[in-house]
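# Examination of the molecular architecture
The lines below spell out each chain.
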Amino acid sequence: MKKIAIIGGGIIGLTLANYIDQKKYHVTLFDEPTGQATSASAGIISPWLSKRRNKQWYRLAKDGAAFFPKLIQDFQLDDTIYHQSGTLLLRPEKQLTELLALAEERKKSAPEIGTIKQLSAEQTQQELPLLKPHPALKVSGGGRLDGKAYLIRMRTLAEEKGVHFIPQQAQLATTTTVVYGEKQAIFDQVIVTAGPHLKKLLAPLGYQVDLRPQKGQLLVFQTAFKNSGDFPVAMLDGEADLIPFLAGKILLGATHENEAGWNLKETPAAFEQLTHGTRKFLAEPEKLLAQPVHYRVGTRAYTSDFAPFFGQLNDQLLVASGLGSSGLTTGPYIGYLLADYLNTGNTNWQEYQKELSTYIQSGKTLASN
Ligand SMILES: Cc1cc2nc3c(=O)[nH]c(=O)nc-3n(C[C@H](O)[C@H](O)[C@H](O)COP(=O)(O)OP(=O)(O)OC[C@H]3O[C@@H](n4cnc5c(N)ncnc54)[C@H](O)[C@@H]3O)c2cc1C
């Protein structure tokens, strides 16, 4: 049986570990979860109305969202992990007509978007009582994923299948030699799904990677709304979004801090940034914002063109990173595609990304680095 190492147990690594055919491979997963993006994430799965122009990214995000019913079925994810809550997009009335046309157009190739409805200011507030009356567009296909709960579930399932977990930081001495603590082990294949840390992991092997860390902070409020689990996600017109979870938990996020490097400190500036523009959308801003708050902080990985990459770097090494702000949406599907490649040899992923050499080069210096 071939031996595989996965370095990085975020959303890609753990989905991949669960889809790999355990009759063909023995899988060892190394994870030392400092600054992990998946467990810090906001949880929005609703890519269809993005204004990003990168068509390959959109195809990946749309197919990633379409993959969720299979994911839920395959791993029996319940409502505490994923819930199709619907998404509200709050915009000025004028922009909603344009957005409605975009939604109808995109629905032709993405029926998962569900029903699309323009809501009056009062209807929006009925959907989400946290808000002041404000016009919105609602798409019923949007959902929320609890990244941390997802990883707990996927780890339990992976262990039941025989995946061996090593909760330690790993380094690569060669493409197949993994060093951890005082030990080292040799594998037939290594897959690096280490978020922004991929760059450091590949450096000793002579690879240069177009990848940077981006700090993300969000706020978690505990409110008295007992039925918050039924509320839709609200994408406000500006930086912050409101993501209701079960039992009164409401998330407000997230920041995108490109200059903060690996810093994981909570900052008053993030509170100010996230709450400042949000107040005008809230029915009772002082009431919500006066609730006890705690922060979640994580490090995203992003490339020069903000697009993810994944695939085979050489005969022994596979990689995936650069998922940026939409990795909860694209990550499970990328994990599945990599597992499908290992299980069957399929490489049906060209339509989703540029050549891997756009982001990873051997022995040369990337101009953008
Ligand atoms: C605040 C915030 C909000 C977000 N909100 C959303 C959202 O609403 N919707 C959405 O789609 N996406 C969102 N994202 C983005 C999404 O969370 C990420 O893109 C995605 O989780 C990245 O997954 P990953 O598996 O590539 O990396 P990660 O989740 O970061 O996992 C990588 C793992 O590898 C480990 N690791 C690294 N190096 C080593 C090593 N040498 N040895 C062992 N282990 C190692 C790390 O510690 C980590 O545990 C958000 C991110 C943040 C930070």
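Cut-off values and rules
Residues numbered from 1 in each chain as written. Predicted model: local features only at pLDDT ≥ 70, side-chain atom pairs only at ≥ 80, totals over all residues. Heavy atoms only, no water. Salt bridge = Lys/Arg side-chain N within 4 Å of Asp/Glu carboxyl O. Helix = DSSP H or I, 4+ residues; strand = E, 2+ residues; numbered from the N terminus. Buried < 20%, exposed > 50% of the residue type's maximum accessible area, 1.4 Å probe, protein only. Near = heavy atom within 4 Å. Polar contact = N/O pair within 3.5 Å; in protein donor to acceptor, adjacent residues only side chain to side chain. Areas by Shrake-Rupley, 256 points an atom, 1.4 Å probe, with all protein chains shown as cover. Nonpolar A, V, L, I, M, F, W, Y, C, P; charged D, E, K, R; others polar. Domains from an automatic or database assignment. pLDDT = per-residue confidence, 0-100. Contact = heavy atoms within 4.5 Å. Pairing = 2+ DSSP bridges.

### Quick word on the pattern of salt bridges
According to the stated counting rule, one finds 10 salt bridges in the structure shown. For Glu159, the salt bridge goes to Arg155, with nearest N and O atoms at 3.3 Å. Within this pair, Glu159 and its partner Arg155 are both found in helix H7 (residues 147-161), separated by four residues, close to a single helical turn. Accessibility expressed as a relative area gives 35% for Arg155, which makes it partly exposed. The salt bridge involving Lys287 is made with Glu284; its shortest N-O contact spans 3.7 Å. Given the relative accessible area of 47%, Glu284 is considered partly exposed.

### Remarks on the site of the ligand
As a structural note, the neighbourhood of the ligand is formed by 38 residues, with Asp31, Glu32, Thr38, Ile44 and Gly324 the closest of them. Between an oxygen atom of the ligand and a side-chain N or O atom of Asp31, the distance comes to 2.8 Å. Thr34 is positioned such that a nitrogen or oxygen atom in its backbone is 3.2 Å from an oxygen atom of the ligand. With the chains in place, 96% of the 1,000 Å² that the ligand exposes on its own is no longer accessible. Where the shell around the ligand is concerned, the elements lending two or more residues are helix H1 (11-19), helix H2 (37-40), strand S19 (293-302) and helix H11 (327-344). Tallied by class, residues from the shell around the ligand come to 15 nonpolar, 20 polar and three charged. Taken domain by domain, the shell around the ligand gets at least three of its residues from each of domain 1 (2-38 + 148-211 + 304-359) and domain 2 (84-144 + 213-302).

### Points about the side chain of His83
Positionally, His83 belongs in strand S4 (residues 82-83). Accessibility expressed as a relative area gives 16% for His83, which makes it buried.

### Points about the confidence of the model for the chain
When pLDDT is averaged along the chain, the result is 95; 98% of the residues meet or exceed 70. Confidence drops under pLDDT 50 across residues 364-369; counting only partners more than four residues distant or on other chains, this segment forms 15 contacts.

### What to know about the pairing of strand S12 (residues 183-186)
In terms of strand pairing, strand S11 (residues 177-180) meets S12 through four bridges, oriented antiparallel. Residue pairing for S12: Val178 is matched across the bridge by Ala185.

### Details of unusual backbone geometry
The step from Gly253 to Ala254 runs through a cis peptide bond, and the omega angle for that step is 5°. Mapping Ala254 onto the fold places it in the loop between strand S18 (249-253) and helix H9 (268-276). At Ala247, a position not held by glycine, the phi torsion is positive, near 55°. Mapping Ala247 onto the fold places it in the loop between strand S17 (241-244) and S18.

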